[in-house]
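Inside the fold
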Amino acid sequence: MAILITGGAGFIGSHTCVALLEADYDIVVVDNFSNSEPEALRRVMEITGKSFKVYAFDLLNEKDLETVFIENHIEAVIHFAGLKAVGESVAIPLSYYQNNITSTVILCEVMKKFNVKNLVFSSSATVYGIPEQNPISEDANLWAMNPYGRTKLMIEEILRDLYQSDQSWSIALLRYFNPIGAHESGMIGENPQGTPNNIMPYVTQVAIGKLRELKVFGNNYPTIDGTGVRDYIHVVDLAHGHLMALEKICGQTGIEAYNLGTGKGYSVLELISTFEKISGVKIPYRIVERRPGDSAVSFADPSKAERELGWAAKKGLAEMCADSWRWQSKNPKGYEELKGMKALL
Ligand code: NAD
Ligand code: UDP
């Protein structure tokens, strides 16, 4: 019996592969490496001392996906594969609908065909739009601010329809808050292509001198210091949340959404000062205009995950900054210098 991990070479996927292997699960990874490198998976094998099958293809290829189910005894799927850049989703919405939604429909069709009905889906706190109140609980209003958010919201609805049509499915919709940090070995971490959109990889790239300064998007929000507040969560804690969700869904049927966050919010300036203290590196920054579509504050009420999955985040902001910094300083170019590996697959 194996767990299929789509998008397993990506930031959250690679850490979840480690968590599953360390818990003695067999895994199979499908990734088209559109936003990742095979080297990440080689390092997962090195960290865990375990090997697993890797299939390099696009999830839109239904026949290839069927082959995975024919060649392996798949028990459940953790579905990370998807495009995730908000700005890009506004520029090329059809690619986002095709890549994220169509591929999920194909995945579910194939799962149904092979009678595999356990699914953990990567949703996002973006489904809360600009939240009306904090902390945000799972029953808050849902709405999308952009095509990326709409893909998450639509997929959640598609999966609810699927469950309504066949109540032998068991589905967890995991709504991540702001994943940062990296495996404590510094061997795997976030590896954005081009200039990062998210704050932590931007900060670490400023710290190694690849970028000149951080632009802080607005300092006139109604928050502790005027800058945006987010619920940053360590990616290793997040990976562990997938393990707990997997264990939960494999023993029952139903569909449930869970917030995966710490329940604590930190401002941009708090994040910068914690990072500076931990790394000993000064982060030059400049206040600029607010980024359109940003909410002032977003942090989770994670109590449902604690109650029902037995999961709670353990790592604090200092550890997140330390681990992000270790990953970046050990790998100033990310996995870049190993791009040639792709050709080997
Ligand atoms: P990532 O880009 O690092 O990982 C996604 C992986 O999926 C990549 O390895 C990519 O190559 C692969 N992929 C994309 N489309 C594919 C396709 N059609 N077929 C096969 N492989 C494909 O992203 P991540 O940060 O690890 O995020 C994983 C999931 O979590 C995504 O669905 C993302 O939307 C969601 N999410 C991420 C965040 C975040 O801040 N990182 C927050 C909330 C939700
Ligand atoms: N942010 C910033 N400069 C950047 C990137 C982000 O000031 O270069 C701020 C952003 O306005 C938000 C916080 O950092 O308040 C987290 O942003 P990120 O894009 O990482 O996550 P999201 O906005 O999706 O929660």
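The structure under discussion appears in the preceding block.
Read on for a plain summary of the structure. Quantities reported herein were computed from a predicted structural model and do not represent experimental measurements. (Residues numbered from 1 in each chain as written. Chains lettered and ligands numbered in written order. Predicted model: local features only at pLDDT ≥ 70, side-chain atom pairs only at ≥ 80, totals over all residues. Heavy atoms only, no water.)

A separate point is the overall build of the protein. Counting its secondary structure elements, the protein contains 11 helices and 14 strands. Over its C-alpha atoms the protein spans a radius of gyration of 19 Å, differing by no more than 12% from the 20 Å that the globule rule assigns to 345 residues. In terms of overall dimensions, the protein has C-alpha extents of about 55 × 45 × 40 Å along its principal axes. Out of the 345 residues in the protein, the part that is buried amounts to 54%. Residue pairs in contact within the protein that sit at least 24 positions apart in sequence constitute 80% of those at least 6 positions apart. (Helix = DSSP H or I, 4+ residues; strand = E, 2+ residues; numbered from the N terminus. Rg over C-alpha atoms; globule rule 2.2 N^0.38 Å. Buried < 20%, exposed > 50% of the residue type's maximum accessible area, 1.4 Å probe, protein only. Contact = heavy atoms within 4.5 Å.)

Take the sheet that holds strand β14 (residues 297–298) next. To summarise the sheet geometry, strands pair through backbone hydrogen bonds and adopt either a parallel or an antiparallel arrangement. Taking strand neighbours across the sheet as the criterion, the three strands line up as β12-β9-β14 in an open arrangement whose pairing is mixed. Edge strands, defined here as strands with exactly one partner in the open sheet, are β12 (266–267) and β14. (Pairing = 2+ DSSP bridges.)

Before going further, it helps to examine the site of ligand 2. Taken together, 14 residues form the shell around ligand 2, and within it Asn178, Lys215, Arg230, Arg291 and Asp294 come nearest. Within the backbone of Phe217, a nitrogen or oxygen atom sits 2.9 Å from an oxygen atom of ligand 2. Protein chains bury 86% of the 520 Å² of accessible surface belonging to ligand 2 in isolation. Examining the composition of the shell around ligand 2, we find that four residues originate from one element, strand β8 (residues 214–217), more than from any other. (Near = heavy atom within 4 Å. Polar contact = N/O pair within 3.5 Å; in protein donor to acceptor, adjacent residues only side chain to side chain. Areas by Shrake-Rupley, 256 points an atom, 1.4 Å probe, with all protein chains shown as cover.)

Here we have seven strands laid out as an open sheet, ordered β3-β2-β1-β4-β5-β6-β11, and parallel in their pairing. The sheet is open, and its two edges are formed by β3 (53–55) and β11 (254–260), each paired on a single side. The average undirected angle you get between the axes of adjacent strands in this sheet is 20°. Sheet topology places strand β4 (residues 74–79) next to strand β5 (residues 118–124); three bridges connect them, and they run parallel. When the bridges of β5 are listed, His79 appears paired with Phe121. (Axes fitted to C-alpha atoms, helices over the stretch in contact; angles between N-to-C directions.)

A word on helix α2 (residues 38–48). Residue pairs three or four apart in sequence face the same way in an α-helix, which turns once every 3.6 residues. Here α2 lies mainly inside the structure; eight of its 11 residues are buried. Turning to α2, its buried residues number three or more, namely Pro38, Glu39, Ala40, Leu41, Arg43, Val44, Ile47 and Thr48. The elements touched by buried residues of α2 are α1 (11–22), β2 (27–30), β3 and α11 (317–330).

Running from N to C, helix α9 (residues 268–279) and α11 cross one another at 60°; their axes reach a closest spacing of 9 Å. With respect to α11, the axis of α9 lies oblique. When the axes of α9 and α11 are compared, the crossing they make is right-handed. From α9, Glu270, Leu271, Thr274, Phe275, Ile278 and Ser279 reach across to α11, where they touch Leu317, Ala318, Cys321, Ala322 and Trp325. (Parallel < 35°, antiparallel > 145°, perpendicular 65-115°, else oblique. Left-handed = near helix turned anticlockwise from the far one by under 90°.)

Next up on the list: helix α8 (residues 235–249). End to end, α8 covers 21 Å across 15 residues, agreeing with the expected 21 Å (1.5 Å per residue, within 8%). By the criterion of burial, α8 is predominantly enclosed, with 11 of the 15 residues buried. Listed in full, the buried residues belonging to α8 are Val235, Asp237, Leu238, Ala239, Gly241, His242, Leu243, Met244, Ala245, Leu246 and Ile249. (Expected span 1.5 Å × (residues − 1).)

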